[in-house]
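Below, each chain spelled out in residue letters.
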Protein chains: 2
Amino acid sequence: MLARDLVEDHPSVDIGSDALEAARLLGEYHLPGLVVTADGGRPVAVLPASQVVRFVIPDYVRDDPPLARVLNEKTADRIATELAGRTVADMLADRPTGLPVLHASDTLLELAALMARLRSPLVAIVEDSRLLGVVTAARLLALALRPT
Amino acid sequence: MLARDLVEDHPSVDIGSDALEAARLLGEYHLPGLVVTADGGRPVAVLPASQVVRFVIPDYVRDDPPLARVLNEKTADRIATELAGRTVADMLADRPTGLPVLHASDTLLELAALMARLRSPLVAIVEDSRLLGVVTAARLLALALRPT
């Protein structure tokens, strides 16, 4: 089984896109993460949903997490505004390096090894520098464990 | 908005369960992770799908990742057997500490702060020590960004 046999269609965002647009895409399609592209479609990063969540949190709470406990419900709901004016590039800024991208001809085992090493919820699959789609950890498990 | 307004039903596994069963559940329901319970239902950990992927990789590849590159396709497909005889507890062994569990009365902001700090794809929600379900990062974004 090769990456091209496992790949799924998946929305991607350009690195210059609005942060709010990326967050809405994750929520709408219930995705574990988004592939970030640059230069007309080349994948340059994977942005996990949990990282986007980091950016909906107001700065003063990010600096002092216990504050989240003492704010009332109404104040705690006002979080989406933190994304306004930011781009996808801003949300990637403090991500560790290591790009979860493989080629369509790479094997299931290479996919698994990369996903595990980077602790990434998905790997982007390219062919001729074009993004074909992604393989999520859940899909990899489903196909790897399928009775043969 | 409180955790109980965001919670979704979600399968969980007992910490003593078979590793293969947990992996199948992740694949079948296309989940970013599973809640692990003990003592009759108390959540004790969240097992991300990418961590389970780590355990379908043969030991000799985990010890020497570049090996994945040189194995042929047929050999690379034979990965599921690595889970045989292991339990969910075995897969949790080397996870970092920090338990993504909150109470039904905790706020959206507390959820976001915990999810971001632990880089967890989901948080388990409890009420009276009973697991109500989970909130995924994607669902949190969908609800936080919903027009009001």
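Keep in mind that what you see is a predicted model, and the values were worked out from it rather than measured.

Draft legend 1. Just the relation of the copies chain B and chain A, in detail. You can overlay chain B on chain A at an RMSD of 0.0 Å; the transform is a turn of 180° with a shift of 0.0 Å along its axis. Taken together, the rotation angle and the small translation identify this as a two-fold axis. By C-alpha distance to the rotation axis, the residue of chain B lying nearest is B:Pro32, at 3.1 Å. Comparing interface residues between copies, 100% of those in chain B also sit at the interface in chain A, which points to an isologous, same-surface contact.

Draft legend 2. Seen up close, the confidence of the model for chain A. When the pLDDT values of chain A are averaged, the result is 86; 91% of them are 70 or greater. Taken element by element, chain A is modelled with least confidence in helix 6 (residues 73–77) of chain A, mean pLDDT 70, and with most confidence in strand 1 (residues 12–14) of chain A, mean pLDDT 94.

Draft legend 3. Molecular detail of the pairing of strand 3 (residues 42–48) of chain B. Residues and elements named next belong to chain B. For strand 3, the buried fraction is high: five of the seven residues fall into the buried class. Sheet analysis places strand 2 (residues 33–38) next to strand 3, joined by six bridges and oriented antiparallel. For Thr 37, the partnering residue across the bridge sits in strand 3 and is Pro 43. In sequence, strand 2 turns back onto strand 3 through a hairpin of three residues, with Asp 39 there showing a positive phi of about 50°.

Draft legend 4. View of the pattern of salt bridges. On inspection of all chains with the given rule, the structure shows eight salt bridges over all chains. Salt-bridge contacts for A:Arg4 lead to A:Glu127; the nearest nitrogen and oxygen are separated by 2.8 Å. Residue A:Arg4 is located in helix 1 (residues 3–6), and its partner A:Glu127 is located in strand 5 (residues 122–127); the two are separated by 123 residues in the primary sequence. Overall, A:Arg4 belongs to the partly exposed group, its relative accessible area being 38%. When salt bridges that share partners are traced, they join A:Arg69, B:Asp106 and B:Glu110 into one network.

Draft legend 5. Region of interest: the sheet that holds strand 4 (residues 101–103) of chain A. Residue and element names in this part refer to chain A. Across the sheet, which stays open at both edges, the three strands sit in the order 4-5-6 with mixed pairing between neighbours. Two strands close off the open sheet at either side, each with one partner strand: strand 4 and strand 6 (130–136). Looking at each pair of strands side by side, their axes are set apart by 35° on average, direction ignored. As defined by bridge partners, strand 5 adjoins strand 6 across six bridges and the pair is classed as antiparallel. Within the sheet, the bridge partner assigned to Ala 124 lies in strand 6 and is Val 134. With respect to the sheet, helix 8 (residues 108–118) is in contact with strand 4, strand 5 and strand 6, its orientation differing from that of strand 5 by roughly 135°.

Draft legend 6. Expanded view of the packing of helix 8 (residues 108–118) of chain B against helix 9 (residues 137–144) of chain B. Residues and elements named next belong to chain B. Where helix 8 contacts helix 9, the axes come no closer than 11 Å and their chain directions differ by 145°. Crossing geometry of helix 8 relative to helix 9 is assigned as left-handed. When helix 8 is examined against helix 9, the residues Leu 108, Leu 111, Ala 112 and Met 115 are found in contact with a partner set consisting of Ala 137, Leu 140 and Ala 144.

Draft legend 7. Examining the sheet that holds strand 2 of chain B more closely. All names here are of chain B. Judged by pairing direction, the sheet is mixed, and its three strands sit side by side in the order 1-2-3 without closing on themselves. Since the sheet does not close on itself, it has two edges, and those belong to strand 1 (12–14) and strand 3, each with one partner. Strand-to-strand twist in this sheet, taken as the mean axis angle between neighbours without regard to direction, amounts to 35°. Across three bridges, the pairing between strand 1 and strand 2 is parallel. Counted as the bridge partner of Ser 12 is Val 35 from strand 2. Docked against the sheet, helix 3 (residues 49–56) engages strand 2 and strand 3, running at close to 65° with respect to strand 3.

Cut-offs applied
- Residues numbered from 1 in each chain as written.
- Chains lettered and ligands numbered in written order.
- Predicted model: local features only at pLDDT ≥ 70, side-chain atom pairs only at ≥ 80, totals over all residues.
- Heavy atoms only, no water.
- Least-squares fit on C-alpha atoms with pLDDT ≥ 70 in both.
- Contact = heavy atoms within 4.5 Å.
- pLDDT = per-residue confidence, 0-100.
- Helix = DSSP H or I, 4+ residues; strand = E, 2+ residues; numbered from the N terminus.
- Buried < 20%, exposed > 50% of the residue type's maximum accessible area, 1.4 Å probe, protein only.
- Pairing = 2+ DSSP bridges.
- Salt bridge = Lys/Arg side-chain N within 4 Å of Asp/Glu carboxyl O.
- Axes fitted to C-alpha atoms, helices over the stretch in contact; angles between N-to-C directions.
- Left-handed = near helix turned anticlockwise from the far one by under 90°.

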